[in-house]
Amino acid sequence: MQLTFLGTGTSIGVPVIGCDCANCTSGDPRDRRTRHGALLALEGGNLLIDTPPELRLQLVAAGVRRIGAVWYTHLHADHVHGIDDVRVFSTRNRGPVPAHLPAELLGQMKSRFSYIFDPEFRPPEGTTRPQIVLHGYAERVPVEVLGTEITPFRVPHGPVDAFGFRVGRLGYVTDAKRIPAAAREILDGVDVLVLNALWRGRVHPTHLNVEEAVEEARKIGARRTFLTHLTHFVGHRELAASLPDGIEPAYDGLTVEL
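Cut-offs applied
Residues numbered from 1 in each chain as written. Predicted model: local features only at pLDDT ≥ 70, side-chain atom pairs only at ≥ 80, totals over all residues. Heavy atoms only, no water. Helix = DSSP H or I, 4+ residues; strand = E, 2+ residues; numbered from the N terminus. Rg over C-alpha atoms; globule rule 2.2 N^0.38 Å. Buried < 20%, exposed > 50% of the residue type's maximum accessible area, 1.4 Å probe, protein only. Contact = heavy atoms within 4.5 Å. Areas by Shrake-Rupley, 256 points an atom, 1.4 Å probe, with all protein chains shown as cover. Phe/Tyr/Trp six-rings, centres within 6.5 Å; stacked < 30°, edge-to-face > 60°. Lys NZ or Arg CZ within 6 Å of the ring centre and 35° of its normal. Salt bridge = Lys/Arg side-chain N within 4 Å of Asp/Glu carboxyl O. Pairing = 2+ DSSP bridges. Polar contact = N/O pair within 3.5 Å; in protein donor to acceptor, adjacent residues only side chain to side chain.

Peer 1: What is the right way to look at the overall build of the protein chain in this model?
Peer 2: Looking only at helices and strands, the protein chain has eight helices and 14 strands in total. Taken against the 2.2 N^0.38 rule, which gives 18 Å for 258 residues, the C-alpha radius of gyration of the protein chain at 18 Å falls within 12% of a compact globule. Its C-alpha atoms put the protein chain at 55 × 40 × 35 Å along the principal axes. Counting the 258 residues in the protein chain, one finds 53% classified as buried. In the protein chain, 63% of the contacts between residues at least 6 apart in sequence involve partners at least 24 apart. Entry remark: accessible area of the protein chain is about 11600 Å², with carbon and sulfur atoms responsible for 51%.

Peer 1: Help me out: how do you make sense of unusual backbone geometry in this one?
Peer 2: Phi is mostly negative for residues that are not glycine, and the peptide bonds are mostly trans. Between Val-14 and Pro-15 the backbone carries a cis peptide bond, its omega angle lying at 5°. Mapped onto the secondary structure, Pro-15 falls in the loop between strand E1 (2–7) and strand E2 (37–42). With phi around 70°, Asp-50 is a residue other than glycine that occupies positive phi space. Mapping Asp-50 onto the fold places it in the loop between strand E3 (45–49) and helix H1 (55–62).

Peer 1: Please explain the environment of Phe-233 as it appears in this structure.
Peer 2: Within the element layout of this structure, Phe-233 appears in the loop between strand E12 (224–228) and helix H8 (236–242). When the C-alpha positions of Phe-233 and Val-14 are compared, they lie 9.5 Å apart, and in sequence the two are 219 residues distant. Leave out the neighbours within four places in its chain, and Phe-233 touches Asn-23, Trp-199 and Arg-202.

Peer 1: For this particular structure, what's the right way to read the packing of aromatic side chains?
Peer 2: One pair of aromatic rings is described through two measures. These are the centre distance and the angle between the planes. Applying the stated criterion to the full structure yields six aromatic pairs. Ring centres of Phe-5 and Phe-226 lie 5.8 Å apart, and the angle between their planes is 50°; on these two criteria the pair is classed as tilted. Note that Phe-5 is positioned in strand E1 and Phe-226 in strand E12, a separation of 221 residues in sequence. In this pair, the class of Phe-5 matches that of Phe-226, namely buried. With 4.3 Å between their ring centres and 10° between their planes, Trp-71 and Tyr-137 make a pair best called stacked. Linking Trp-71 in strand E4 (residues 69–71) with Tyr-137 in strand E6 (residues 132–137), this pair joins segments that are 66 residues apart in sequence. When sorted by exposure, Trp-71 lands in the same class as Tyr-137, which is buried. Above the plane of the ring of Trp-199 lies Arg-202, whose end atom (NZ or CZ) is 3.9 Å from the centre.

Peer 1: Even after reading the chapter, I still don't get the pattern of salt bridges, so can you show me in this structure?
Peer 2: Where charged atoms from two side chains of opposite charge come close, those side chains can pair. Within this structure, the stated rule accounts for 13 salt bridges. Residue Arg-35 pairs with Glu-54 through a salt bridge whose shortest N-O separation is 2.5 Å. Linking Arg-35 in the loop between E1 and E2 with Glu-54 in the loop between E3 and H1, this pair joins segments that are 19 residues apart in sequence. The same class applies to Arg-35 as to Glu-54, namely buried. Here Glu-215 and Arg-218 are joined by a salt bridge, their closest N and O atoms 2.5 Å apart. Of this pair, Glu-215 and Arg-218 are both found in helix H7 (residues 210–220), three residues apart, which corresponds to roughly one turn of the helix.

Peer 1: Would you mind showing me how to read the pairing of strand E5 (residues 97–102) here?
Peer 2: Each regular strand carries side chains that alternate between the two faces of the sheet. For E5, the tally of buried residues reaches five of six residues, placing the bulk of the element in the interior. Here E4 pairs with E5 via two bridges, running parallel. The residue bridging Trp-71 from the neighbouring strand is His-100, located in E5. Note that E5 and E6 share six bridges and pair parallel. Bridging from a neighbouring strand, His-100 pairs with His-135 of E6.

Peer 1: What am I meant to see in the environment of Glu-215 here?
Peer 2: Judged by relative accessible area, Glu-215 falls into the partly exposed class, the value being 33%. Here the side chain of Glu-215 touches Arg-218 through a polar contact of 2.5 Å, side chain to side chain.

Peer 1: It is not clear to me how the side chain of Thr-148 should be interpreted in this structure. Could you clarify?
Peer 2: Looking at the secondary structure, you find Thr-148 in strand E8 (residues 148–157). Setting aside chain neighbours within four positions, we find Thr-148 in contact with Leu-42, Glu-43, Val-143 and Val-167.

Right, dumping it as structure tokens:
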């Protein structure tokens, strides 16, 4: 199994529009962060984690030609609004792409993207739309996706919940304010952990900051932890140098063998 970080930025990405701070103007390519997305190479094919607005650019950069399925963590715009880029895969696969998301959000997904999911809608002759079949998942109930078992779990994300997951010895959590005991129970024994971490010092109402993420990583005890969903307030080089052993910032294009 292989994990590729397609996008490691927050909802506004890095560089931020109109910002000339040191990190937005950095010459280090690791400081250029598109919106959150990842790719898991599983036994039965590539699993895409979320469909951010830059999805086309991310997949071209990573040389991805095939997607077997999509897994959604939640439906905030920076995690979903690149969904139309799935169209090339449903065309190439000559059939629908399965997409897995929290069962409680199925109705919202269908209404938000009615041109995809409304069976009465017919695209104009000579045009296409993504062919996607939705599958709802429930917290703590394992799901088989592309021949691999994935266990989702709920994490608080301000006024809504997002979902992390465990697959094999990988634990993956983005957009979480804290890691509840029930989630830590599922993550027990993971070798590699992914956690969101916005910035240093300041407390955010819906996300972990760097210090909180380090503390959560310590509790979980993975051999390696990668921080993602990073803002322009942290530069890659400086952040990497300041973190404890076994914890490092992810960056767009980073590939980790599992």
